[in-house]
Amino acid sequence: MNDQRTLFDYLLRRADSDLVLAQRLGEWVGHGPVLEEDIATTNVGLDLLGQSRLWFAYAGEVEAGFNNGAGRSEDQLAFLRDAAEFRNLMLVEQPNGDYAVTMARQFYFDVWHELSLRGLTASADARIAEIAAKALKEVRYHTERSADWVIRLGDGTEESHRRMQAAVDDLWMYTGEMFEVDAIELALIDAGVACDAGTLAAPWRQRVDAIFSEATLTVPAGVWMQGSGGRGGKQGVHTEHIGPMLAQMQWLQRAYPGAQW
Amino acid sequence: MESTSKGVTGMNEWPLWEVFIRSQHGLAHKHVGSLHAPDAEMAIKNARDVYTRRNEGVSIWAVRSSDIVASSPGDKEPMFEPASSKVYRHPTFFPMPDEVKHI
C-alpha cells in the first residue's frame, strides 16, 4: 500500500467513527427523555456529522491523487459504501439502548476522541492538524457533557446506578480497539501524520477512573477486548449492528442515486 | 422534594430554571426563556444547547424559577400608577446644547 492509500484509509477511520456515531445520536431525535436532552444530544450528533464531512472531503481529495483524479464525494463515501468498507470503531455502531447505554458509549468515545484530536493537532499533515484543532473545541464540550451524565446517573437513584453500571460493563469490551495500532497507523505514526493511539490508553484510563469514582461506578475488569489483533472495525470487521444501521442511513441515496435537497 | 447527593430529584419532573443570556454586544444579561434541568451545572449546559446554538451569547446565567421574587399583578395600581403622574421625574426639561451629540 502506498502512502496516499494509507492516508486515505486513516482518514476514513476518522470520518467513519464520527459519521456512525452521528447517525446513532440522530436516532434519538424526537425520542429524547426530555426536550432539553433531545436538543443537546442532537447537537453533539450534528457536531460529529460536521467533523466527518471535513475528514471525508479531505479523503476524497487524497483518493483523487492516487486514482487518476477520481476521488469520491462526501456523499458517495458516506452513502455508497457497504459495511465491510466502513472503518469506524465497533463501539460507535452499538445500538442506543437506554439513555445510560447512549451516555456510556458517548463517554468512552469522547474521552478517546478528545485525546486523539489533541494529538493530531501536532500532525505533520497541516490539513489534519487544522481539522483536529477545529474539532477539538467541540469535542471538549462533548466530553464534559457525557462525563456529567455518567456521574449523575451513576450517583443518582438506585435504578439509574444499576443501569449505568450495566451500560459501562456491556460496552467495556469495545474500548480496547481504540488503542490498537496496526500497520497502517504505524506507517503514519512514523511519518508524524497520525497520533499514536497506544499512548492514549493510560490518560484515557486515568480520566475514566476519575469519573467512575465520582459516579460510584466500578471499572470493569477481566474482559476480553473485541477487535484485538488487527481484526476490528478499523479493518472493516464489524458487529452485526452496523448493517441495519447503514440500511437506514443509506436507503435514500441507494434508491435515488445522486438525490439532493 | 427528595434530593440525592447530585441533586437529581426523586420526582419525575426536573426543576424549572430561568435563563439569561448576554449577547455579543449587549452589556446586560437578558431573559430568553426557561428550561428543565436536574441541577445548576446541567441548567447551564442545557441553556447552552437550547438557547445559544445560533451564536446568541457569550455568557449565561441560570436561576431556579422558584427563587425569583415577582411583584404581584394585583398590586399594579399602588406599585406603578403613582409614578405615571410625575412627569417632572423625567429629565426632559433641560435644554441641551447643540454641540452635545448622542444623548
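What counts, and at which threshold
- Residues numbered from 1 in each chain as written.
- Chains lettered and ligands numbered in written order.
- Predicted model: local features only at pLDDT ≥ 70, side-chain atom pairs only at ≥ 80, totals over all residues.
- Heavy atoms only, no water.
- Helix = DSSP H or I, 4+ residues; strand = E, 2+ residues; numbered from the N terminus.
- Buried < 20%, exposed > 50% of the residue type's maximum accessible area, 1.4 Å probe, protein only.
- Areas by Shrake-Rupley, 256 points an atom, 1.4 Å probe, with all protein chains shown as cover.
- Expected span 1.5 Å × (residues − 1).
- Contact = heavy atoms within 4.5 Å.
- Buried area = accessible area lost by both parts, 1.4 Å probe.
- Salt bridge = Lys/Arg side-chain N within 4 Å of Asp/Glu carboxyl O.
- Polar contact = N/O pair within 3.5 Å; in protein donor to acceptor, adjacent residues only side chain to side chain.
- Nonpolar A, V, L, I, M, F, W, Y, C, P; charged D, E, K, R; others polar.
- Axes fitted to C-alpha atoms, helices over the stretch in contact; angles between N-to-C directions.
- Parallel < 35°, antiparallel > 145°, perpendicular 65-115°, else oblique.
- Pairing = 2+ DSSP bridges.
- Core = buried A, V, L, I, M, F, W, Y, C linked by side-chain atoms within 4.5 Å.

1. A short note on the overall build of chain B
Phase 1 of the analysis: If you tally the helices and strands in chain B, you get two helices and three strands.
Phase 2 of the analysis: The secondary structure elements of chain B, listed N-terminal to C-terminal, are β-β-α-β-α.
Phase 3 of the analysis: With 103 residues in all, chain B has 23% of them scored as buried.
Phase 4 of the analysis: Counting only carbon and sulfur atoms, one obtains 56% of the accessible surface of chain B, whose full area is about 7900 Å².

2. Details of helix α1 (residues 3-26) of chain A
Phase 1 of the analysis: Across its 24 residues, α1(A) extends 35 Å between first and last C-alpha, which sits within 8% of the 34 Å expected from 1.5 Å per residue.
Phase 2 of the analysis: In terms of burial, α1(A) is largely enclosed, as 19 of its 24 residues are buried.

3. A closer look at the interface of chain B and chain A
Phase 1 of the analysis: Of the residues lining the interface, 17 residues belong to chain B; the matching set on chain A comes to 17 residues.
Phase 2 of the analysis: Buried area between chain B and chain A, both sides added, is near 1700 Å², and the carbon and sulfur share of it is 55%.
Phase 3 of the analysis: A salt bridge links Arg152(A) to Asp39(B); the shortest N-O distance between them is 2.6 Å.
Phase 4 of the analysis: Seen at the junction of chain B and chain A, the total is eight residue pairs in polar contact (both at pLDDT 80 or more).
Phase 5 of the analysis: Mapped by element, the contributors of at least two residues to the side of chain B that touches chain A are β2 (30-36) and α1 (40-51) of chain B.
Phase 6 of the analysis: The greatest single-element share of the side of chain B that touches chain A, amounting to seven residues, is contributed by α1(B).
Phase 7 of the analysis: Split into classes, the residues belonging to the side of chain B that touches chain A amount to six nonpolar, four polar and seven charged.

4. Some points on the packing of α1(A) against helix α8 (residues 183-190) of chain A
Residues and elements named next belong to chain A.
Phase 1 of the analysis: Two elements in contact, α1 and α8, have axes whose closest approach is 10 Å; the angle formed by their N-to-C orientations is 105°. The pairing of α1 with α8 is recorded here as roughly perpendicular in orientation. Contacts between α1 and α8 involve Thr6, Leu7, Asp9, Tyr10 and Arg13 from the first element and Ile184, Glu185, Ala187 and Leu188 from the second.
Phase 2 of the analysis: For the contact of α1 with α8, the per-class residue count stands at five nonpolar, one polar and three charged.

5. Notes on the sheet that holds strand β3 (residues 59-64) of chain B
Pairing between sheet strands relies on hydrogen bonds along the backbone, with the strands arranged either parallel or antiparallel.
All names here are of chain B.
Phase 1 of the analysis: In spatial order, the strands read β2-β1-β3; together these three strands make up an open sheet with antiparallel pairing. Edge positions in the open sheet fall to β2 and β3, since each of these has one partner strand only. On average, each strand axis in the sheet is tilted by 30° relative to the strand beside it, whichever way the strands run.
Phase 2 of the analysis: Sheet analysis places strand β1 (residues 16-22) next to β3, joined by six bridges and oriented antiparallel. Across the sheet, residue Arg22 finds its bridge partner in β3, namely Ser59.
Phase 3 of the analysis: Taken strand by strand, α1 contacts β1, β2 and β3, and its axis lies near 115° from that of β2.

6. Some points on the nonpolar core
Phase 1 of the analysis: Within the largest apolar cluster, 85 residues are counted, with the highest numbers of intra-cluster contacts made by Phe107(A), Tyr108(A) and Trp204(A).
Phase 2 of the analysis: Take this core: its biggest share by element is twelve residues, from helix α5 (residues 99-120) of chain A.

7. Some words on the pattern of salt bridges
Where charged atoms of side chains with opposite charge meet at close range, the side chains can pair.
Residues and elements named next belong to chain A.
Phase 1 of the analysis: Overall, the coordinates contain 23 salt bridges over all chains when judged by the stated rule.
Phase 2 of the analysis: Ionic pairing is found between Glu61 and Arg127, a salt bridge with its closest N-O pair at 2.9 Å. Note that Glu61 is positioned in helix α2 (residues 35-66) and Arg127 in helix α6 (residues 126-154), a separation of 66 residues in sequence.
Phase 3 of the analysis: For Glu61, a relative accessible area of 45% gives the class partly exposed.
Phase 4 of the analysis: Through salt bridges with shared partners, a single network forms among Asp9, Arg13, Arg87, Asp182, Glu185 and Lys234.

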